[in-house]
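Remarks on the overall topology
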Amino acid sequence: MTPELTLTESGPAVGRPVLVLHGGGGPATVAPIAEHFAATAHTLLPTHPGWNGTPRPGDFTHVGDLAASYLRLLRERHLSDVLVVGSSLGGWIAAELATADKQGLISGVVLVNSVGIEVDGEPIRDFFSLDARGVAAYAYHDSERFYVDPATVPAERLAVIRSNMAALRVFSGGPAMSDPTLRPRLAAVTTPTLVLWGESDRIATPAYGKEYAASFGNARFEVVPEAGHLPHLEQPARTFSLLDGFAAQTGRR
């Protein structure tokens, strides 16, 4: 069953479309990316089914299901020359989208500290085993700045976080957060791809990211210093500069 998508659209109706895909923390974690592009581009920010209380059909359980839904969205909207930007789990979805895009609707792909592939010697940190302190320590360069004491979070917000983590577990398959079939398929993707990585990420290390970039047929790897798993939150100026440069190089219009 295909769920109805929850979608936030912003920016001018004309111009290059930008599809922004969030990770396990929900759409708020990539809202700054969407806001940045909305200044000049038609920006689409979906909430993945199962996040923030949105419905998820019981048989809708794989990253490939999400990718198929977003590819269908592009087709139904008659969108082309699309720039897809995905963070963490969203990057995994973006990679799957790129492998499935046989019509050439996507003209640029950006993976920001993505998960989804297997790299020998560089396992993804078991995110589900981390407490709030652990999340701050492993995911951020400046852990003290981004640590949130759960005791200060309202009960309703905590419920949403737990629900989002449950959805993440379903789609990611648990701690491994990878699909062993994905990496071999990426070599056939010749769409220009930017793999962007926070240098201090200990959820998925820069060495993992470098291997991710090498798996594509046409990708380059860029590191953002003094940033972790969400470089657009810790170093927005550096991150947006790289995103803007890539967008300018890859747009067809």
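One can find the structure itself at the top, above this paragraph.
Summary of the structure given here.

Reading the values: the criteria
Residues numbered from 1 in each chain as written. Predicted model: local features only at pLDDT ≥ 70, side-chain atom pairs only at ≥ 80, totals over all residues. Heavy atoms only, no water. Helix = DSSP H or I, 4+ residues; strand = E, 2+ residues; numbered from the N terminus. Expected span 1.5 Å × (residues − 1). Buried < 20%, exposed > 50% of the residue type's maximum accessible area, 1.4 Å probe, protein only. Arc of directions from axis to C-beta. Contact = heavy atoms within 4.5 Å. Phe/Tyr/Trp six-rings, centres within 6.5 Å; stacked < 30°, edge-to-face > 60°. Lys NZ or Arg CZ within 6 Å of the ring centre and 35° of its normal. Core = buried A, V, L, I, M, F, W, Y, C linked by side-chain atoms within 4.5 Å.

Looking at helix α10 (residues 236–250)
Under the 1.5 Å per step criterion, the end-to-end length of α10 is 21 Å for 15 residues, consistent within 8% with the ideal 21 Å. The set of residues buried in α10 consists of T239, F240, L243, F246, A247 and T250. Along the axis of α10, the buried residues cluster in a sector spanning 130°; they form a single face. The exposed set on the far side of α10, more than 90 degrees from its buried face, consists of A237, S241, A248 and Q249. Of the surrounding secondary structure, the elements contacted by the buried residues of α10 are α1 (31–38), β4 (82–87), β5 (106–112), β6 (193–198), β7 (219–224) and α9 (231–234).

A few points about the packing of aromatic side chains
One pass over the structure, following the stated rule, counts 7 aromatic pairs. The interplanar angle of 15° and the centroid separation of 6.3 Å between the aromatic rings of Y212 and F216 together place this pair among those described as stacked. Comparing Y212 with F216 shows no difference in burial state: the two are buried. Through a chain of ring-to-ring contacts, the aromatic side chains of W197, Y208, Y212, F216 and F221 assemble into a single cluster. Here the guanidinium or amino end of R169 rests over the ring plane of F128, the centre of that ring lying 4.1 Å away.

Let's talk about the nonpolar core
L19, L21, V84, I93, L97, Y208 and Y212 are the most contacted members of the largest nonpolar core, which totals 51 residues. Those residues within four positions of Y208 in sequence are excluded, and the remaining contacts are S114, V115, G116, I117, V119, E122, I124 and W197. Counting residues in each nonpolar core, the second largest holds 20 residues, with F37, L45, V224 and L243 among its members.

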